[in-house]
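Structure at a glance
As a plain string of letters, each chain reads:
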Amino acid sequence: DPSLPRFRLADVRKHDAKSGSPWVTSGDKVYDITDWVAAHPGGDVILQAAGHSIDPYWAIFTIHKAPHVREILETYLIGFVDIADLDNSGQPKIAAGEAIEDPFAGDPTRDKRLVVLTQKPCNAEPAPPQLARDFVTPNELFYVRNHMWVPVVDTAEAEQHLLTVELPDGDVREYTLDELRSRFRHHRVTAVLQCSGNRRSDMTKAVGKTNGLQWGAGAISNAVWEGVLLRDVLADAGLQTTDWQPRRAIEAPPAKESDDGDDLPETDSLHVQLTGMEAYAASIPLPVALDPRGEVLLAFAMNGKPLPRDHGYPLRAVVPGFVAARSVKWLSKIVISDEESTSQWQRRDYKLFGPNEGSAPNWDRYPAIQEMPITSAITGVWVGQKSIRQALKQGHLVNSPISSSPDSSSRAAPGVRDLQAWQADWKKDNQKTASTPVALTGYAYSGGGREIIRVDVSVDGGRTWDQAVLLDQKEKPYDDDESKSKKNIVARGRRDFSWKRWRYEGALLGDTPTSEIVVKAIDSAYNTQPERHDGIYNVRGNLATAWHRVTVDITS
Ligand code: MTE
Ligand code: MO
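Residues numbered from 1 in each chain as written. Chains lettered and ligands numbered in written order. Predicted model: local features only at pLDDT ≥ 70, side-chain atom pairs only at ≥ 80, totals over all residues. Heavy atoms only, no water.

**A few points about the overall build of the chain**
Helix and strand counts for the chain stand at 11 helices and 25 strands. By the burial criterion, 52% of the 556 residues in the chain qualify as buried. Of all intrachain contacts in the chain linking residues separated by at least 6 positions in sequence, the fraction that spans at least 24 positions is 72%. Accessible surface, the chain as shown: approximately 25,100 Å² in total, 51% of it carbon and sulfur. (Helix = DSSP H or I, 4+ residues; strand = E, 2+ residues; numbered from the N terminus. Buried < 20%, exposed > 50% of the residue type's maximum accessible area, 1.4 Å probe, protein only. Contact = heavy atoms within 4.5 Å. Areas by Shrake-Rupley, 256 points an atom, 1.4 Å probe, with all protein chains shown as cover.)

What follows is the structure in structure tokens.
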């Protein structure tokens, strides 16, 4: 509408994020986004551009993926940039020194050993063999998966970081980090985080194009998280639902007057919406948070140190056994709602469609990925005496005892052979077979708290199999002498949210120049991985969990 007014850029600049009436430009158009920000959960991402052009952000705001967002923006059109402020191509003139600040300028520096998939936003994974070298991944090697920039939180102000909790009846409670830390019991959980895109590049190679970051096997790491239980905080905030009454929390508010259960919302139909400071959001079903055996944390520490900035400083959710997309970083808001988070990360990106369902599926057809399935990967391959000796020297093949981790519930596995015994075995084996020795390392993990009970390795493409040594046993390993007694073999019913690293020593059959090494794992529910990616192919490349294969060339 050409009758709309024209605005000087100087006036647009005044409508910044703090003005209370934010405007943005796109091309020569001017939009008043005040109502947008108020009406859209997460809409405040757009504030990053307030007073300026939204165009440079368009590529990084994931909202651009939804074409209707543009249409919505059009409804906020209030005018055009004054011709005096347009350049020859009709774009607003950017004065020197006025170039929009890089939203990633405040991102932390990352460890050089990480393999960077994208720099802005940062997506990076540890490279094998560092990937699963330690039971507990060192903070600086933990994979990073950011959808946007890293929010800047001043360390001096971190304890005043505010978490808002909104209940179904509209009640709102606010907690500072300091309050969370001092008023609630601290819990530690050793848990893997794994992106639904882990090993996506395997699926791409095996089947064809997939949309998304082409992760190797490193979009997974394990850490000891420390924080408070989400269910303790919800109880303290006064959450009342049908079949769950808050147990006595510290300074729990008095129970509501009519709590006969009739007008309480039903636990099963509610969701915990978790929102981060940069507007990323996701949700988990409320029963997951309330599960008395569950360990959903609001975490402020990782491996005994404050959360690193990339991993959610100063506060993040950790949902053990679930897809990492639910472990919202830079957590600032929790809403108990009768619907899932409306974010695309809940309703679109992390779903699994059939191999034939294409790139524009009916999004509402399937639920969001929550509990993770089983997977495993080979992270180290050493062929021949010389390379194995070197790997031993570098410490890649020795069990680094998990008892050295800050999680005291974990102990070093009895029965894992030490370095010398292993080398002696090697000598024996090699005289016997006179074939090429091979040493392998890797990890195996299953979601939902299911423990890895076995890892199968094949060095001939899956024709014959052998079992790897599991390095990280919470109790006694299944295969040592002591556990042969029946009482150790019964299902323990205990949950394990960590990965298990494994090691295999074998020999390649000398009859072909190349050998395909394959690994697959089995969990406590006897779930195992599919043999090939064909049957689980999906355009988004989510949950690429087929047998992991590595081809080695013996002649080189
Ligand atoms: N939380 C926020 N606020 N922003 C994000 O981009 N990414 C999610 C999840 N939580 C994300 C987030 C995804 S998809 C993954 S896989 C994990 O964080 C990654 O956690 P990490 O970077 O600590 O490994
Ligand atoms: Mo992810």
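**Some details on the side chain of Lys-520**
Among the secondary structure elements, Lys-520 is positioned in strand S24 (residues 514-523). Apart from residues no more than four positions distant in its own chain, Lys-520 is found in contact with Ser-376, Arg-454, Val-455, Asp-456, Trp-465, Thr-528, Gln-529 and Trp-547.

**Structural notes on the environment of Val-224**
Inspection of the secondary structure puts Val-224 in strand S11 (residues 220-229). Sequence separation between Val-224 and Lys-305 is 81 residues, and the spatial gap between their C-alpha atoms is 9.8 Å.

**As for the sheet that holds strand S18 (residues 375-383)**
One open sheet accounts for 4 strands, arranged S18-S19-S23-S22; its pairing is antiparallel. Here the strands that pair on one side only, and so sit at the sheet edges, are S18 and strand S22 (469-470). In the sheet, S18 pairs with strand S19 (residues 436-445) via 8 bridges, with the strands oriented antiparallel. Bridging across to S19, Thr-375 finds its partner in Tyr-445. (Pairing = 2+ DSSP bridges.)

**Some details on the sheet that holds strand S4 (residues 77-81)**
Pairing is mixed in the open sheet, where 4 strands are placed in the order S1-S4-S3-S2. Only two strands of the sheet have a single neighbouring strand rather than two, namely strand S1 (6-7) and strand S2 (23-26). Here S2 runs beside strand S3 (residues 29-32); their pairing, made up of 4 bridges, is antiparallel. Considered in S3, the bridge of Thr-25 is made with Val-30.

**Side note on the site of ligand 1**
Looking at ligand 1, there are 18 residues lining it, with Tyr-143, His-147, His-311, Arg-316 and Lys-329 nearest. Protein chains bury 100% of the 530 Å² of accessible surface belonging to ligand 1 in isolation. According to the grid-proximity analysis, the pocket containing ligand 1 is the largest cavity. (Near = heavy atom within 4 Å. 1 Å grid on protein atoms, 1.4 Å probe; cavity = no way out; pocket = protein on both sides within 12 Å on 5 of 7 lines; lining within 4 Å. Sits in = over half its atoms within 2 Å of the grid points.)

**A short note on helix H7 (residues 230-237)**
For H7, the tally of buried residues reaches 8 of 8 residues, placing the bulk of the element in the interior. Within the span of H7, buried status applies to Leu-230, Arg-231, Asp-232, Val-233, Leu-234, Ala-235, Asp-236 and Ala-237. At the exit of H7 stands Gly-238, carrying a positive phi of roughly 100°.

**Some details on the pairing of strand S12 (residues 271-276)**
Each regular strand shows side chains that alternate between the opposite faces of the sheet. With 5 of 6 residues buried, S12 lies mostly within the body of the structure. Looking at chain direction, S12 and strand S13 (residues 281-285) are connected through 5 bridges and run antiparallel. Within S13, the position partnered with Leu-274 by the bridge is Ala-282. Turn length for the S12-S13 hairpin, with the two strands adjacent in sequence and antiparallel, is 4 residues, and the turn residue Ala-279 shows positive phi of about 90°. Here S12 runs beside strand S17 (residues 331-337); their pairing, made up of 6 bridges, is antiparallel.

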